Amino acid sequence: MLSTQRWSEQGLALLQLLLVASFSKAEERGCILMGEPEEPQLFKTGDIILGGIFSFHSNWKTVELTYAHRPLPLQCTSLNFRSFQYAQAMLFAIEEINNSTDLLPGMTLGYKIYDACGSIAHSVRVALALTDVNEDTTSMSEKPCSGSVPAIMGETSSSPCMAIATVLGPFHIPLVSHFATCACLSDKVRYPSFLRTIPSDYYQSRALAQMVKHFGWTWVGAIRSSDDYGSNGMGIFTETATHLGICLEYSISFFRTDPSEKIQRIIDIIKGSTSRVIVTFLSHMDLEILIEVFAHHNLTGYQWVGTEAWISDSATATTEGHYILDGSVGLAIPKAHVTGLREFIMDVKPLNSSGERLFTEFWETAFHCSFKWTKEKAGSQKECTGYEDLTGLENSLNDMSLMPIFNNVYKGVYAIAHSLHNILGCGQMCSNTASPDPFTILQNVKNIHFKTKEGEEVYFNENGDPAAKYDIINWQPKKDGSVEFVTIGLYDASLPEDKQLNLDNKTFNWANNSKKVPVSVCSGTCALGTRKVLQKGRPVCCYDCIPCAEGEVSNTTDSITCVRCHPEFWSNERRDNCEKKETEFLSYTEIMGSILTLSSLLGACLTATVAFIFFRHRNTPIVKANNSELSFLLLFSLTLCFLCSLTFMGRPSDWSCMLRHTAFGITFVLCISCVLGKTLAVLMAFKATLPGSNLMKWFGPRRQRIVVVAFTFIQVLICIVWLTANPPYPFKNLRHFKDKIILECALGSPIGFWAVLGYIGLLAILCFILAFLARKLPDNFNEAKFITFSMLIFCAVWMTFIPAYVSSPGKFSVAVEIFAILASSFGLLFCIFIPKCYIILLKPERNTKKNMMDKKS
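Computed from a prediction, not measured in an experiment: that's the story for all the values here. (Residues numbered from 1 in each chain as written. Predicted model: local features only at pLDDT ≥ 70, side-chain atom pairs only at ≥ 80, totals over all residues. Heavy atoms only, no water.)

The next point concerns the overall build of the protein chain. Along its length, the protein chain carries 24 helices and 29 strands. The burial tally for the protein chain puts 53% of its 857 residues in the buried class. The long-range share in the protein chain, meaning contacts at least 24 apart out of those at least 6 apart in sequence, stands at 70%. Accessible surface computed for the protein chain: about 40000 Å², of which carbon and sulfur atoms make up 58%. (Helix = DSSP H or I, 4+ residues; strand = E, 2+ residues; numbered from the N terminus. Buried < 20%, exposed > 50% of the residue type's maximum accessible area, 1.4 Å probe, protein only. Contact = heavy atoms within 4.5 Å. Areas by Shrake-Rupley, 256 points an atom, 1.4 Å probe, with all protein chains shown as cover.)

Another point: the pattern of salt bridges. Counted by the stated rule, this structure contains 15 salt bridges. Here E629 makes a salt bridge to R705, at a shortest N to O gap of 2.6 Å. Of this pair, E629 sits in helix α17 (residues 628–644) while R705 sits in helix α20 (residues 701–725), and the two are 76 residues apart along the sequence. You can call E629 partly exposed: its relative accessible area is 38%. A relative accessible area of 36% places R705 in the partly exposed class. What you see here is one network of salt bridges that share partners, running through E568, K580 and K732. (Salt bridge = Lys/Arg side-chain N within 4 Å of Asp/Glu carboxyl O.)

Each α-helix winds once per 3.6 residues, and so residues spaced three or four apart point in a common direction. With 18 residues, helix α2 (residues 81–98) extends 26 Å from end C-alpha to end C-alpha; this agrees with the ideal 26 Å at 1.5 Å per step. For α2, the tally of buried residues reaches 17 of 18 residues, placing the bulk of the element in the interior. (Expected span 1.5 Å × (residues − 1).)

The subject of this paragraph is the state of the cysteines. Enumeration according to the criterion identifies ten disulfides in this entry. The residue that forms a disulfide with C247 is C541, at a sulfur-sulfur distance of 2.1 Å. For the disulfide bridge between C247 and C541, the dihedral angle about the S-S bond is near 85°, and by the sign convention the bridge is right-handed. With C247 in strand β10 (residues 247–254) and C541 in the loop between β21 (530–534) and β22 (543–547), the pair connects residues that are 294 residues apart, well separated along the chain. Exposure class is identical for C247 and C541. Each is buried. Across a sulfur-sulfur distance of 1.9 Å, C426 and C430 are joined as a disulfide pair. On the sign convention where negative is left-handed, the bridge of C426 and C430, at about 115° about the S-S bond, is right-handed. (Disulfide = S-S within 2.5 Å.)

Spatial ordering of the open sheet is given by β10-β9-β11-β12-β13-β18-β19-β20, a layout of eight strands whose pairing is mixed. Sheet topology places β10 and β20 (501–503) at the edges, where each strand pairs with a single neighbour. Each neighbouring strand pair of the sheet contributes to a mean axis angle of 25°, computed without reference to strand direction. In terms of strand pairing, strand β12 (residues 303–306) meets strand β13 (residues 329–332) through two bridges, oriented parallel. Bridging across to β13, G306 finds its partner in G330. Contacts from helix α7 (residues 260–271) reach β9 (219–225), β10 and β11 (277–281) within the one sheet, and its direction differs from that of β10 by about 170°. (Pairing = 2+ DSSP bridges. Axes fitted to C-alpha atoms, helices over the stretch in contact; angles between N-to-C directions.)

In this section: the side chain of S123. Structurally, S123 is set in helix α3 (residues 120–129). A polar contact of 2.7 Å, which involves the side chain of S123, links it to the backbone oxygen of S119. The residues touching S123, leaving out its near neighbours within four places in the chain, are I53, A116, E155, P160 and I164. (Polar contact = N/O pair within 3.5 Å; in protein donor to acceptor, adjacent residues only side chain to side chain.)

Let's shift gears to the packing of aromatic side chains. Tallying each qualifying case throughout the model produces 29 aromatic pairs. An angle of 45° between the planes, with centres 6.4 Å apart, marks the rings of Y470 and Y491 as tilted. In this pair, Y470 is assigned in strand β18 (residues 469–477) and Y491 in strand β19 (residues 483–492), connecting sequence segments 21 residues apart. We classify Y470 as buried; its relative accessible area is 1%. (Phe/Tyr/Trp six-rings, centres within 6.5 Å; stacked < 30°, edge-to-face > 60°.)

Okay, the confidence of the model for the protein chain next. Within the protein chain, residue pLDDT values average 84, and 87% of them lie at 70 or more. Across residues 1–29, confidence stays below pLDDT 50; counting only partners more than four residues off in sequence or on other chains, it has 44 contacts. A low-confidence stretch, residues 133–146 stays under pLDDT 50, and its non-local contacts, those more than four residues away or across chains, total 28 contacts. (pLDDT = per-residue confidence, 0-100.)

In this model helix α13 (residues 403–423) runs 30 Å from its N-terminal to its C-terminal C-alpha over 21 residues, within 8% of the 30 Å that 1.5 Å per residue would give. Within α13, 18 of the 21 residues are buried, which leaves it mostly tucked inside the rest of the structure. Phi turns positive, to about 65°, at G425, one or two residues after α13.

Looking now at the environment of T319. The residue T319 is located in the loop between α9 (314–317) and β13 in this model. With relative accessibility at 10%, the residue T319 sits in the buried group. Sequence separation between T319 and L287 is 32 residues, and the spatial gap between their C-alpha atoms is 9.9 Å. Setting aside its immediate chain neighbours within four residues, T319 contacts E288, I291 and E292.

Our next topic: the environment of L341. With respect to the secondary-structure elements, L341 resides in helix α10 (residues 341–346). Separated by 65 residues in sequence, L341 and F406 have C-alpha atoms that sit 8.5 Å apart. Not counting residues up to four positions away in its chain, the partners in contact with L341 are A89, F92, M403 and F406.

So, about the sheet that holds strand β29 (residues 740–746). Sheet architecture is open: three strands sit in the order β27-β29-β28, paired in mixed fashion. Looking at strand neighbours, the two that pair on one side only are β27 (582–584) and β28 (729–733), the edges of this open sheet. Taken over all neighbouring pairs, the strand axes of this sheet differ in orientation by 30° on average, direction set aside.

Moving on, we get to a nonpolar patch on the surface. On the surface, a cluster of nonpolar side chains totalling about 330 Å² of accessible area is made up of L602, L606, F830 and I834. Listing elements by their share of the nonpolar patch, those giving two or more residues are α15 (591–616) and α23 (811–842). Structurally, the position occupied by F830 is in helix α23. (Patch = residues over 30% accessible without salt bridge, like charges linked within 9 Å, V, L, I, M, F, W, Y side chains within 5 Å.)

The residue S645 is located in the loop between α17 and α18 (654–688) in this model. Residue class for S645 comes out buried when judged on its relative accessible area of 0%. When neighbours within four sequence positions are excluded, S645 is seen to be in contact with S600, I818, I821 and L822.

Moving on, we come to the pairing of β28. Note that β28 and β29 share five bridges and pair antiparallel. Its bridge partner lying in β29, N733 is registered against I742. Counted between consecutive antiparallel strands, the loop separating β28 from β29 contains six residues.

A few words on the packing of α7 against helix α8 (residues 284–296). Two numbers describe a pair of packed helices, the interaxial angle and the distance between the axes. Close contact between α7 and α8 brings their axes to 11 Å; oriented N to C, the two are set at 60°. For the pair α7 and α8, the crossing hand works out as right-handed. Contacts between α7 and α8 pair I263, I266, I267 and I270 from the former with I289, L290, V293 and F294 from the latter. Along the lines of polarity and charge, the residues of the contact of α7 with α8 split into eight nonpolar, no polar and no charged. (Left-handed = near helix turned anticlockwise from the far one by under 90°. Nonpolar A, V, L, I, M, F, W, Y, C, P; charged D, E, K, R; others polar.)

Right, let's talk about unusual backbone geometry for a bit. Cis geometry is adopted by the peptide bond preceding E155, which originates at G154 and carries an omega value of -10°. Along the chain, E155 falls in the loop between β6 (152–153) and α4 (158–168). Within the chain, S78 stands out as a residue other than glycine whose phi angle is a positive 60°. Assignment of secondary structure puts S78 in strand β4 (residues 76–79).

Pasting the structure below:
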């Protein structure tokens, strides 16, 4: 919060702005100074007078207003040596120009330099004085507001510049600042006559955000000055930082006049925070007050990030408690060198002629002495001789660390001089010595482009700002306790965004003299295979790391989402990569596949063995009974049934998918048709024994073959229709298992598949019924009872097959189908042929025609 004193300053500034507005709107421009006239601190006559406003004093005495009499003039205190350096840089540039034969030849520049005392209201007052209002208080006649200075150099801070630029706007007098960086001053609608030789904070704020992001600091604190410089600079930094994924844990404002309670509150906030990096937009005066208190509270271990206001200021680096800032990084105006400027700044004695009172105060403050003519001479102080040695002083006057800022003053003066040179049409000599009007100078200086004697280019963009370049500085403490400002990189806003920040491969010195980059994050880096989940009610930089779900991966750190794998891929255990799913099918090489294969081959071998036995004993009664031709056809079809199960194993293909179901359907129908034929033959044989029956004449071997072919042909037709309409095809089943691909044969048309199975079931049931009816027919070897039992096994197997097949996942459904094929095939083989083989091989005495013809009661 601003102090009451500062609010009163702004109120006085507003009154003076109203004064400007009132006389600028008058029909006849006339100016009358209200109050005592302002006297310049430094003055020199010339053909053209340049104005200057610097805060030679940084504070003033507070006077309580009684409103009973006119307020006394502002009493300035706290001599500021920096402003002496700025003023000396301006005088040095003017002396060079006056001595030059190339720039403004034949003309001399003079100057009027006023003291703003660090007060915004007083800055406005001295700015009005530079518009050359009538300062003759003995005459009340109005004089026209003419003959104002063509341009003004200053002020140092942004807030005074905003007030002065507002006042000078109606007069179109250029105000060229060397150190006011607020981005708001680039607004040419509000400040049309403002220019500067230092880059705007728009670029500095963005550069700071990029630098913070570069070092991986996403959780930072911020302290700013309670003025336009701090508020605007921090505002742009916050906006850019948010865009880059940086969060501010706290943002505190401070001004050097704030009470101690405010400083204690700042300390409490910092101590209670978890961030280890503090970004500052503070003036050097505000910072120096803070670090003294911070040092008293031992507030160390924090990484400071600074701006050009203090990062390369030697005075700040010698303040009590400066070790708090060791390891700081920040942006500074690039180093500069102006030949002869250092020596000129140190030679202050010529000031005695242009500003005797200021010179006297400066000399007495610098050497802690008093001249004999000084009224307020302290008895304990020694007498000044005027010949003391400035080189032996240890104060900010000898500090040349701000040479880049002195260079900004130097460039500003030269910009005005080049503009005057162009407007006056100076060649070898300036023939026109009349000072041009400020508006013409303003329009010309905006388009100026020249090089200094050191080769540095000077120009302004459309907003009155120079090109934005910064050195990146690191505070590195020396063994003797002093600080070295080491340039560790460069920021150039004119380059593409990804190339603007360039850091050298130098050794950095961080907080606590560490060589490791400090860590300042709200939450740690989320590893591969995890994603960020924001913590409720906290900034976006505070999050939890949640592992990706199955089937999802994140292959970058700090991922905000997990990406689902392609359906044919699955996440690995670490969830950082999608791996191709394992393909699964019933293979010959796996244990279950090997067992089923051996069972199939065993069944085929047993069937072939039985066929061989029957062939060797084909002329025996037991083989010849009930049509041996059907027996051999049945054995052949059983062999095919055993072998067709092999088509269900291995990687599915178009041909194997079509072959497995059709071969299975046709061979089983052939098998059942043969059994049905044998059952019918048994029934017809016993019916034929009845008197007058000639059924065997109509159901002889030829008719039996026709029955087998007819029933089988129907199945062939069903399979042809199925394969033609919608045949089975290879299919990747991704539903049953998340991490596996089941290679199987899709049915194509389920109707076709169930029609094939249904037809087999229909024949099996028919065969079972007929065999059941013939089971008690009198015969010593009645085959019907064995057929009945085999059909009972067959039907039981396939009835249990249907629910098992539907519910079995993946390759197990194939195994169930193979098991059903083998079980039903073995049932037919064992029930129908093993009893006959038993008689043939072990009971040959029963293998006689007589025994076959005997009736059983």
